[in-house]
Each structure stands twice: as C-alpha cells, then as structure tokens.
Amino acid sequence: MKILFNGCSWTRGAELENEEEERFATLVCRELKADCDMLGQGATGNHRITRTTLSKLEKSSYDLAVIQFSQPSRTEFYRDGLYDSVLWHVSVKGRIGGSRKKYWDEDIRHFWYTYYKKIYQDKYGSDEEKMFLTAIRNTCIVKKIPLIMMTINKDTIHDFDINLLKMNLPLHRNNHPTKEGHRMICSEILRKYEDITY
C-alpha cells in the first residue's frame, strides 16, 4: 500500500520534536502498513499543494491520497527557475512572507503588498479553493484513488472531509499540532478511511 500526503507545515510536522516519526502521516502509514510519499512543505499554499499533487497523481499510482489545504490567501509565482511562495499573514495583516523572500527586490515586495492590500479578496480565495478542491477530487475519481481532503481554513464554505481547526487540537506556540494533536489527526484519518473503503 502506498499513500500520498501533501499539505503545508501542518502535514510536514512543524514544531514536533521528531517530525518524521511523530507526524500524522507516519502514524497513519504505520497503522495501515503503507509506504508514505510525503510532499508536505511549510510556508506554502494551495497553489503549490494542488500543482504538486496533480503532478504526482499523473505519474504514480496510490492506494490513498490525504491532502491538506492551507489558507486560501497564500499563493506562489515562478521566477528564475523556481517557485516562490507568498504568504499574507492572516493574524498579522500587512506582513508578507515567502519561501525566498530574501531574494525579492523592492518591486516584487511592493507588488505583493499592493496585491493583498488593494486587489485580493476572500471571495477570490474561496473560489480558488473550490477550483483546486474540484481538480484534486476529479483526478482521484478518474484514477480510482480514495481521497481524504482536509483544511486549516476555519472559514471555508466548501465540503472538506476534515477541518483540522474545528477538531480542538492541542497546539504548539506557533499554532501547529502537538504530538498528541497529530495522534488525534491520525485517528480521524483512519476513521474517514474506513468510511470510504468499507
């Protein structure tokens, strides 16, 4: 059995003492005696998650896909042969982050600041979230891969299998699940997996 996991820092296991051993993906794979294909990456959004998920699903065969969406305001752009993530910090409006921000010149910083201050709206993020969700779901239907879709967007209006922010998980200081939180997520994924496969 082979399982594809993708998401942001929540899936990657940020703030865990031993992220590779303690994250929910490892716990699920241990329970199901499965190989883990981990694509989770911190400080990224639904564009990267969808892009890399669809690419993997196109090239490989899986027995299950567990995909976790991030905040819909996160995006990415392609420059100098690499993708850069862009984060509009929800809790600190006006603060922009990115995976390669230290390489951005003033024009790029100004562009993204203007984009989030004057152009981006939550309705657009929600519409994109729905498009990405539909693309992954439809691909899994065509490929006959069971899928569990999760999110950390507490305000989503879309139909996810698990909303992690509504599980009352214990969190670390920087708002990532603790070791116990990852155990709780594992249990919920296994319960959903049982629902969709039996």
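Fair warning: this is a prediction, and the values are worked out from it, not measured in the lab.

Cut-offs and rules
Residues numbered from 1 in each chain as written. Predicted model: local features only at pLDDT ≥ 70, side-chain atom pairs only at ≥ 80, totals over all residues. Heavy atoms only, no water. Core = buried A, V, L, I, M, F, W, Y, C linked by side-chain atoms within 4.5 Å. Buried < 20%, exposed > 50% of the residue type's maximum accessible area, 1.4 Å probe, protein only. Helix = DSSP H or I, 4+ residues; strand = E, 2+ residues; numbered from the N terminus. Contact = heavy atoms within 4.5 Å. Expected span 1.5 Å × (residues − 1). Pairing = 2+ DSSP bridges. Axes fitted to C-alpha atoms, helices over the stretch in contact; angles between N-to-C directions.

## Quick word on the nonpolar core
1) Next: In this structure, Ile 3, Phe 5, Val 66, Ile 148, Met 150, Leu 164 and Ile 189 are the most contacted members of the largest nonpolar core, which totals 23 residues.
2) Next: At the level of secondary structure, the elements contributing two or more residues to this core comprise β1 (2–6), α3 (24–32), β3 (64–69), β7 (147–151) and α7 (179–197).
3) Next: Among the elements that make up this core, the one with the highest residue count is α3 (five residues).
4) Next: Contact partners of Met 150, with chain neighbours within four places excluded, come to Phe 24, Val 66, Ile 67, Gln 68, Phe 69, Phe 160, Ile 162, Leu 164, Ile 185 and Ile 189.
5) Next: Core analysis: the next-biggest nonpolar cluster, separate from the first, contains 16 residues, Leu 4, Leu 39, Phe 132 and Cys 140 among them.

## What to know about α7
1) Next: For α7, built from 19 residues, the straight-helix expectation of 27 Å at 1.5 Å per residue is met to within 8% by its first-to-last C-alpha distance of 27 Å.
2) Next: The complete set of buried residues in α7 reads Gly 181, His 182, Ile 185, Cys 186, Glu 188, Ile 189, Lys 192 and Tyr 193.
3) Next: On the buried face of α7, the contacting elements are α1 (9–12), α2 (19–22), α3, β3, β7 and β8 (162–163).

## Describing the sheet that holds strand β4 (residues 75–79)
1) Next: Here we have three strands laid out as an open sheet, ordered β4-β5-β6, and antiparallel in their pairing. Strands with a single pairing partner mark the edges of an open sheet, and in this sheet they are β4 and β6 (96–98). Mean inter-strand twist for the sheet, computed between neighbouring axes without regard to direction, equals 30°.
2) Next: Taken together, the three bridges between strand β5 (residues 82–88) and β6 define a ladder with antiparallel strand orientation. The residue bridging Leu 87 from the neighbouring strand is Gly 97, located in β6.

## Structural notes on the pairing of β3
1) Next: Burial within β3 is extensive, with six of its six residues counted as buried.
2) Next: Residues Leu 64, Val 66 and Gln 68 line one face of β3 and the alternating positions Ala 65, Ile 67 and Phe 69 line the opposite face, and both faces are buried.
3) Next: Here β1 pairs with β3 via four bridges, running parallel. Along β3, the bridge assignment pairs Phe 5 with Val 66.
4) Next: Of the pairings in the sheet, the one linking β3 to β7 comprises five bridges and is parallel in character.

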